[in-house]
Each structure stands twice: as C-alpha cells, then as structure tokens.
Amino acid sequence: MCVLIGTMGAGKTTVGRLVAEAIGVGFVDSDQLIEDKVGKSVQDVFVEDGEQAFRALERETVAWALDNHDGVISLGGGAVLDPSTQALLAAHQVVFLRVGLSDAVKRVGLGSGRPLLLGNVRARVKQLLDERTPVYQGLARITVETDDRPPADVAAEIVAAITAPGEST
C-alpha cells in the first residue's frame, strides 16, 4: 500500500491513479470516499455542516481506507492534521508530494470547490503550505518534488521508490 499526502495542488489524485495503474492495484481518494458516503461535495459539507463535521468524517473515512484498502490512497490535504490519523499512518508507506507555492496556485486556480481557499487564494495557499509542510515531512517515508514535472514523471519516481528492493507496496 502507498498513501499520498500533500497540500491541495500537489497532484495526489492524478498521480495516485497513475501509480495504482502502474503497480496493478486499486486507487481511492479520501475526499471522493466522503462525497460518496454523504452524497454531497466536500465543499457542501464544509458550508452546510462546518469544518469540524467534515474533519470527523475525514478521520473516520481515512481510518476505514487504511484498514480496508490495499492499494494507493490519496488523502485530503488536511487529513494528516488529526493526531489519530498521524498515528495510523505510521504503519504505512507514506509519500509526500511536495509542491511549491507558484505551482500550487497555478494548479488550484481560483480555488473553485476548495472551501479553505476563500479570499486571497495565493495568501491562503502559502499559509497552508507553511502550516502543513512540517507535518507532511514528519510523516513521509518518501518525498517527491512535483514542481514543473508532469504527473507521469512523478508517478514513475514513486513507483521506482516503493518497488525498490526492501520496500513494500
């Protein structure tokens, strides 16, 4: 199993699908699992139920995925902030997709559908990067730079790292 972490715009979903396909396993995205479970978008959960309700759903969903899915899992950017999720990730192959501010802002655009990006998108992305990068680095066994790289190259680097002798998928 491989768990991809990183901030929004890092490419977790896109790269995760490519990695899963390359190694012949399934792929799940924690945000998609939440949307499927509650029947509404992550953005709607934030707006209608609040961030606290979303984080509780996220914690439950990530725990379920880590326990029940043996392929590639992409986590929402803030999922790693929960201490119980951090503890669960310790037993898994965690890959941090590092993205710089410029690339992250380009990739998320104006933040449409991203509830944490209300207001000044660039300033908010910078704040999230500053707050979360130390957490991502602390949890990761592998860090892969994504700036100015096509998703296929990032995925190939991850596949090489997780299938190297002594590593497990």
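Worth saying up front: this structure is predicted, and the values here are computed from it rather than measured.

Definitions and limits used
- Residues numbered from 1 in each chain as written.
- Predicted model: local features only at pLDDT ≥ 70, side-chain atom pairs only at ≥ 80, totals over all residues.
- Heavy atoms only, no water.
- Salt bridge = Lys/Arg side-chain N within 4 Å of Asp/Glu carboxyl O.
- Helix = DSSP H or I, 4+ residues; strand = E, 2+ residues; numbered from the N terminus.
- Buried < 20%, exposed > 50% of the residue type's maximum accessible area, 1.4 Å probe, protein only.
- Polar contact = N/O pair within 3.5 Å; in protein donor to acceptor, adjacent residues only side chain to side chain.
- Contact = heavy atoms within 4.5 Å.
- Phe/Tyr/Trp six-rings, centres within 6.5 Å; stacked < 30°, edge-to-face > 60°.
- Pairing = 2+ DSSP bridges.

**Student:** Could you give an account of the pattern of salt bridges, naming the residues involved and the relevant values?
**Tutor:** Taken as a whole, this structure holds 9 salt bridges when the rule is applied. Where Glu 48 meets Lys 40, a salt bridge forms, and the shortest distance between an N and an O atom there is 2.9 Å. For Asp 130, the salt bridge identified is with Lys 126, shortest N-O distance 2.7 Å. Separated by 4 residues within a single helix, Asp 130 and Lys 126 lie in helix H7 (residues 121-139), roughly one turn from each other. For Lys 126, a relative accessible area of 41% translates into the label partly exposed. By sharing partners, the salt bridges in this structure join Lys 40, Glu 48 and Asp 49 into a single network.

**Student:** Summarise the side chain of Lys 12; cite the residues concerned and give the values.
**Tutor:** Among the secondary structure elements, Lys 12 is positioned in helix H1 (residues 12-23). Within the structure, the side chain of Lys 12 is placed 2.9 Å from the backbone oxygen of Gly 6, a separation counted as a polar contact. Sequence-distant contacts of Lys 12, defined by excluding residues within four places in its chain, comprise Leu 4, Ile 5, Gly 6, Thr 7, Phe 27, Ser 74, Leu 75, Gly 76, Gly 77 and Leu 97.

**Student:** With reference to specific residues and values, describe the packing of aromatic side chains.
**Tutor:** Here the structure, examined in full by the defined rule, presents 2 aromatic pairs. Centroid distance Phe 46 to Phe 54: 4.8 Å. Interplanar angle 40 degrees. Geometry classified as tilted.

**Student:** An account of the pairing of strand E4 (residues 94-98) is needed here, citing residue identities and associated values.
**Tutor:** Among the 5 residues in E4, 4 count as buried, and that is most of the element. Where strand E1 (residues 2-5) meets E4, 3 bridges bridge the pair, whose relative direction is parallel. Among the inter-strand pairings, Leu 4 is bridged to a residue of E4, identified as Val 95. Judged from the 4 bridges that link them, E4 and strand E5 (residues 142-145) form a sheet pairing that is parallel. By the bridge assignment for E5, Leu 97 is matched with Val 144.

Everything listed is a geometric property; what it means functionally is a separate question.
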